[in-house]
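As a plain string of letters, each chain reads:
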Amino acid sequence: SGGRERYTRSDLAGSEWKVGINWRDSDKIDVSWFRLKADGASEWGFFIGGQGRWKMDDGLFVTVSQDYFLGWNGKRLFSAKIGNDPNYLEGVIRGWKPWEPAAVMGRWQAIRLGVERPNPPPWHDLEERVKLEEEEAAKLAASQSDDSSRDDQAHD
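Summary of the structure given here.

Rules used in this analysis
- Residues numbered from 1 in each chain as written.
- Predicted model: local features only at pLDDT ≥ 70, side-chain atom pairs only at ≥ 80, totals over all residues.
- Heavy atoms only, no water.
- Helix = DSSP H or I, 4+ residues; strand = E, 2+ residues; numbered from the N terminus.
- Buried < 20%, exposed > 50% of the residue type's maximum accessible area, 1.4 Å probe, protein only.
- Contact = heavy atoms within 4.5 Å.
- Areas by Shrake-Rupley, 256 points an atom, 1.4 Å probe, with all protein chains shown as cover.
- Polar contact = N/O pair within 3.5 Å; in protein donor to acceptor, adjacent residues only side chain to side chain.
- Salt bridge = Lys/Arg side-chain N within 4 Å of Asp/Glu carboxyl O.
- Pairing = 2+ DSSP bridges.
- Phe/Tyr/Trp six-rings, centres within 6.5 Å; stacked < 30°, edge-to-face > 60°.

Helix and strand counts for the chain stand at two helices and eight strands. Order of helices (α) and strands (β) in the chain, N terminus to C terminus: α-β-β-β-β-β-β-β-β-α. Per-residue burial for the chain yields a buried fraction of 32% across its 156 residues. Sequence separation of at least 24 residues holds for 38% of the intrachain contacts in the chain that already meet a minimum separation of 6. Total accessible area on the chain is roughly 10,000 Å²; 53% of this is exposed by carbon and sulfur atoms.

Structure representation (structure tokens):
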């Protein structure tokens, strides 16, 4: 089912999200939640904590900021393109710390809570597609090596 091409703030205002975060240079996933308030504020749950703001650009992108008290730990910007199903978000984390320049700090995926989600997360499809492509590539490589050994025998 294809979603709408553009969304409005009211499509996401008041929503709550479970978020998985894979920080750069880490192999573990941190799990937390955030809420997108109608007034444009964002509220972060356990582990991450804090407040921030959220905005939409062109009805296609959403950015959720996580701000720290007095800016002591910098700022994080969780940005994502809204896909065909607006109940799932996936994107990159950019940010900075007082002692570090702005950089990509990791990746994130979020699932909207409290709504019906008839479709599986799009990243499940991606994992399945990658697996199928790897299997196809392995079959192709095997068939090519079989063909080349037959060619060698034909020339003897």
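In this fold, Ser-42 is placed in strand β3 (residues 41-44). From its side chain, Ser-42 meets the backbone nitrogen of Arg-53 in a polar contact 3.2 Å long.

The next point concerns the environment of Tyr-88. Looking at the element boundaries, Tyr-88 is found in strand β7 (residues 88-97). Note on Tyr-88: relative accessible area 5%, which makes it buried. If we skip the residues at most four places from it in the chain, Tyr-88 touches Trp-17, Ala-110, Ile-111, Arg-117, Asn-119, Pro-120, Pro-121, Pro-122 and Trp-123. At a separation of 2.5 Å, a polar atom in the side chain of Tyr-88 contacts the main-chain carbonyl oxygen of Asn-119.

Counted under the stated rule, the structure contains seven salt bridges. Residue Glu-43 pairs with Arg-35 through a salt bridge whose shortest N-O separation is 2.5 Å. Ionic pairing is found between Lys-75 and Asp-67, a salt bridge with its closest N-O pair at 3.5 Å. When its relative accessible area of 26% is taken as the criterion, Asp-67 is described as partly exposed. Because the salt bridges share partners, they merge into one network encompassing Glu-16, Arg-35, Lys-37 and Glu-43.

Below, the discussion takes up the pairing of β3. Alternating residues of β3 divide into Ala-41 and Glu-43 and Ser-42 and Trp-44, and every residue in both groups is buried. With three bridges connecting them, strand β2 (residues 30-36) and β3 associate as antiparallel partners. Within β3, the position partnered with Leu-36 by the bridge is Ser-42. If you look at the hairpin formed by β2 and β3, you'll find four residues sitting between the two strands, and Gly-40 has a positive phi there, around 95°. By the bridge criterion, three bridges tie β3 to strand β4 (residues 51-57) in an arrangement that is antiparallel. Across the sheet, Ser-42 pairs through a bridge with Gly-52, a residue of β4.

Below, the discussion takes up the pairing of strand β6 (residues 75-81). Of all seven residues that make up β6, five are buried, and the element is covered over most of its length. Two elements, β6 and β7, share six bridges in a ladder whose sense is antiparallel. Residue pairing across strands places Arg-76 opposite Gly-95, the latter belonging to β7. Between β6 and β7, which pair antiparallel in sequence order, lie six residues.

So, on to the packing of aromatic side chains. Under the criterion given, the structure shown has six aromatic pairs. Here the aromatic rings of Phe-34 and Trp-108 are separated by 6.1 Å at their centres, their planes lie at 65°, and the arrangement is edge-to-face. Taken together, the residues span a long stretch of sequence, with Phe-34 in strand β2 and Trp-108 in strand β8 (residues 100-113) at a distance of 74 residues. What makes Phe-34 buried here is its relative accessible area of 0%. Judged by its relative accessible area of 1%, Trp-108 falls in the buried class. Taken together, the ring pairs connect Trp-17, Trp-23, Phe-34, Trp-44, Phe-78 and Trp-108 into an aromatic cluster.

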